[in-house]
Amino acid sequence: MKITILGAGIIGISTAWHLLERGHQVTVIDRQPDASMEASFANAAQISVSYCEPWANRDTPIKALKWMLSKEAPLLFRPRLSWQQWRWSLLFLSQCHDRAFERNVQQLVSLGAYSHAAFKDLVQTTGIEYQRLEKGIAHYYTEQKSFDSAGEAAALMARYGVARRVVDRAELLRIEPALTPFAEQIVGGTYTPSDESGDAFVFTQALAKLCAARGAEFLYSHDIVALNSTGGAIDSVTIKPVSTGAKGHKGAQKARQIKADHVVVACGAYSAPLLRTVGVDLPIYPGKGYSATFKLLRPEQAPQVSMIDDAKKIAMSRLGNQLRVAGTIEVGDYDLTLDSPVARARCRMLSNRIEQVMPGVCDTRTPEDGGDPAYWAGLRPATPTNIPYIGKTPVGKLWVNAGHGTLGWTHGAGSGKALAELICGQQPEMAFNCYGFPRKTA
């Protein structure tokens, strides 16, 4: 079969790989000039099955109200005159209770475990190198009240087969000595040795090149104009080259149609507006996340274990001679600016927190002071439950693989494999309710 994939991030490229593995012809279309240039570009770098926790829980509504007054809040809701935002928010609030939280955790962990196994197979098969560290993820707490609930969260994960254990401060420092300068502020933590980290951008670009070597066609720098249907099924996609604004290139902007037996929408946060053009209305809304990549000044004092800062809700992962720091969610719109007062404050928070936790280890100077902190913002395609849509839509021959929120890197390989299996008429071996293929779970 000839299958067209819309989107060249970790989700789209993983889907392409697994479809090629099954002998299909694959065309990948993306508006960017290369793979992994949007949400997969500079994420937190964590593959974190043990932290597949939805944003919605019983404490979130009160916290979110308080956080609306802070530019540096972990979850910042910025109201807009947008029906889609308000619908998403109401659905999100409906998930803020214990029963929904546990149900959503079970789904996310099931997909996470399946995906981690698929990812390991993929790495072994391809030999891709991407600054991988298989040293687990440590989660440290600076507030006793938050740490007191860590055991409950670990027990919940244990029910679904995840070995996330509570550790005291002394053990946490043995696991990651880089936290020593900050030790007096830490009250305890959790640790999961089976998790890992690595550069999603490097991995995705390498996998895209392997897909091309196996015959996949890549149409980069192309906008998706329309999904075209005949008899209630999608049969082609209209695309045109991204306009460069250069004079004398009018002919290069001509639209054309790409015929396909099946079409997969894997456009991240932009999947929802595209799908709505053909009557598929999914509650996927952008959550703006921030990251900073710092050069290491003292590599010997930098962490080897990927970490989560509970108070700030940020992740830290070492990538060779750099440290990636990422986190926070800003629920507003499709704005990617780094130059607004809110954006500057959130970027500044990342730098300040690293200096608090690991003073002098990274070059956190601003560009004005001669530094190069490599700030970045990306849109996380969030659903109210944090559970992605993977499967067939009500429109014939149209499939979706989107809505992964902050877990695209964690769930990417498995999402691609699962969708490839579904397209081929197989049922993925996991207790996860694939979109359009509901499965009852215990």
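Residue numbers run consecutively from 1 along every chain, following the written order of its sequence. The predicted nature of this model means local features are confined to residues of pLDDT at least 70 and side-chain atom pairs, given and counted, to a pLDDT of 80 or more, with totals for whole chains, interfaces and linings taken over all residues. Here the side-chain values reflect all heavy atoms present in the structure, with hydrogen atoms and water set aside.

A.B. asks: Let's hear about the packing of helix 4 (residues 98–126) against helix 8 (residues 200–213): which residues, and what values?
C.D. replies: Relative orientation of the contacting elements helix 4 and helix 8 amounts to 60°, with a least axis distance of 12 Å. In terms of orientation, helix 4 lies oblique with respect to helix 8. Considering only the axes of helix 4 and helix 8, their crossing is left-handed. Along the contact surface, helix 4 presents F119, L122, V123 and T126, while helix 8 presents F203, L207 and L210. Structural elements are reduced to axes, namely lines fitted to C-alpha atoms, with helices fitted over the stretch in contact, and the angle between N-to-C directions of any two is expressed from 0 to 180 degrees. Every helix listed is a DSSP run of H or I at least four residues long, and every strand listed is a run of E at least two residues long, numbered separately from the N terminus. Just so you know how the angles are binned, under 35 degrees is roughly parallel, over 145 roughly antiparallel, 65 to 115 roughly perpendicular, and the rest oblique. Here a crossing is called left-handed whenever its near helix is offset anticlockwise from the far helix by less than a right angle, and right-handed whenever the offset is clockwise. Contacts between residues were defined by any pair of non-hydrogen atoms, one from each residue, lying within 4.5 Å.

A.B. asks: Give a detailed account of the packing of helix 1 (residues 10–21) against helix 11 (residues 408–423), specifying residues and quantitative values.
C.D. replies: In contact at an axis separation of 8 Å, helix 1 and helix 11 are set at 40° when each is read in the N-to-C sense. Between helix 1 and helix 11, the interaxial angle falls into the category oblique. Judged by the sense of rotation from one axis to the other, the crossing of helix 1 with helix 11 is right-handed. Taking contact as the criterion, the partners of I10, I11, S14, T15, H18 and L19 in helix 1 are, on helix 11, G408, W409, G412, A413, S415, G416, K417, L419, A420 and I423. Polar here means any residue other than Ala, Val, Leu, Ile, Met, Phe, Trp, Tyr, Cys and Pro, which are nonpolar, and Asp, Glu, Lys and Arg, which are charged; Gly is therefore polar. Residues belonging to the contact of helix 1 with helix 11 are distributed by class as follows: 8 nonpolar, 7 polar and 1 charged.

A.B. asks: Go over the side chain of S50, please, and point to the residues and values.
C.D. replies: If you trace the backbone, S50 turns up in the loop between strand 3 (46–47) and helix 2 (60–67). Once residues lying within four places of it in the same chain are set aside, the contact partners of S50 are M157, V162, R164, T192 and D195.

A.B. asks: So what's going on with the pairing of strand 18 (residues 375–382)? Which residues, and what values?
C.D. replies: Classification of residues uses two cut-offs on accessible area relative to the type maximum, computed with a 1.4 Å probe and protein chains only: under 20% is buried, over 50% is exposed, and between them is partly exposed. Of all 8 residues making up strand 18, 7 are buried, and the element is well covered by its neighbours. Paired strands, as defined in this entry, are two strands with at least two bridges between them according to DSSP. The pairing of strand 14 (residues 285–295) with strand 18 spans 8 bridges and is antiparallel. Pairing of Y290 across the sheet is with A377, part of strand 18.

A.B. asks: I'd love a proper account of the nonpolar core, names of residues and values included.
C.D. replies: We call a set of buried Ala, Val, Leu, Ile, Met, Phe, Trp, Tyr and Cys residues a nonpolar core when their side-chain atoms join them within 4.5 Å. In terms of nonpolar packing, the biggest core is built from 55 residues, with I13 and F203 touching the most fellow members. Counting only elements with at least two residues in this core, the list comes to strand 1 (2–6), helix 1, strand 2 (25–29), helix 4, helix 6 (150–159), helix 8 and helix 11. Top element by residues in this core is helix 4. It accounts for 10 residues. What F203 contacts, discounting residues up to four positions off in sequence, is I10, F119, L122, V123, I128, Y130 and W409. Listed in part, the 31 residues of the second largest apolar core include Y290, V305, I354 and M358.

A.B. asks: Tell me about the sheet that holds strand 2, and please be specific about residues and values.
C.D. replies: Pairing within the open sheet is mixed, and its 6 strands lie in the order 9-2-1-13-20-19. Two strands lie at the open edges of the sheet, namely strand 9 (217–219) and strand 19 (389–392), each paired on one side alone. Taken over all neighbouring pairs, the strand axes of this sheet differ in orientation by 20° on average, direction set aside.

A.B. asks: Explain a nonpolar patch on the surface to me, and be specific about the residues and the numbers.
C.D. replies: Without a salt bridge and with relative accessible area above 30%, a residue can belong to a patch; like charges are then joined within 9 Å and nonpolar side chains (Val, Leu, Ile, Met, Phe, Trp, Tyr) within 5 Å. For every accessible area listed, the method is Shrake-Rupley and the probe measures 1.4 Å; residues are considered covered only by the protein chains on display. Should a side-chain nitrogen of Lys or Arg be within 4 Å of a carboxyl oxygen of Asp or Glu, the pair is scored as a salt bridge. A cluster of nonpolar side chains, I62, L65 and M68, forms an exposed patch at the surface whose accessible area comes to about 290 Å². By the element assignment, M68 lies in the loop between helix 2 and strand 4 (75–77).

A.B. asks: Lay out the pairing of strand 20 (residues 398–402) with the relevant residues and their values.
C.D. replies: Regular strands place their side chains on alternate faces of the sheet. Burial analysis of strand 20 places 5 of its 5 residues in the buried class, which makes it a mostly covered element. Where burial is concerned, the two faces of strand 20 agree: the one with L398, V400 and A402 and the one with W399 and N401 are both buried. Across 3 bridges, strand 13 (residues 262–265) lies against strand 20 in parallel orientation. Bridge pairing links V264 to W399 in strand 20.

A.B. asks: Could you give me a rundown of the environment of V325, with the residues and numbers involved?
C.D. replies: Note that V325 resides in strand 17 (residues 322–331). Its relative accessible area of 0% is what places V325 among the buried residues. Between the alpha carbons of V325 and L350 there is a distance of 6.7 Å; along the sequence they are 25 residues apart. If sequence neighbours within four positions are ignored, V325 has contacts with Y290, S291, A292, F294, I314, A315, M316, L350 and I354.

A.B. asks: Provide a residue-level description of the environment of Y290, including the pertinent values.
C.D. replies: Within the secondary structure, Y290 is located in strand 14. Looking at Y290, the relative accessible area reads 1%, which means it is buried. Note: C-alpha distance between Y290 and L338 (48 residues apart in sequence) is 9.0 Å. Every residue in contact with Y290, bar those within four places of it in the chain, is listed here: V325, A326, G327, T328, E330, L338, A343, R346, C347, L350, W376 and A377. Within polar-contact distance, the side chain of Y290 engages the side chain of E330 at 2.7 Å. Contacts described as polar in this section are N or O atom pairs within 3.5 Å, which, within protein, must combine one atom able to donate a hydrogen with one able to accept it, while residues neighboring in sequence count only if both atoms come from side chains.

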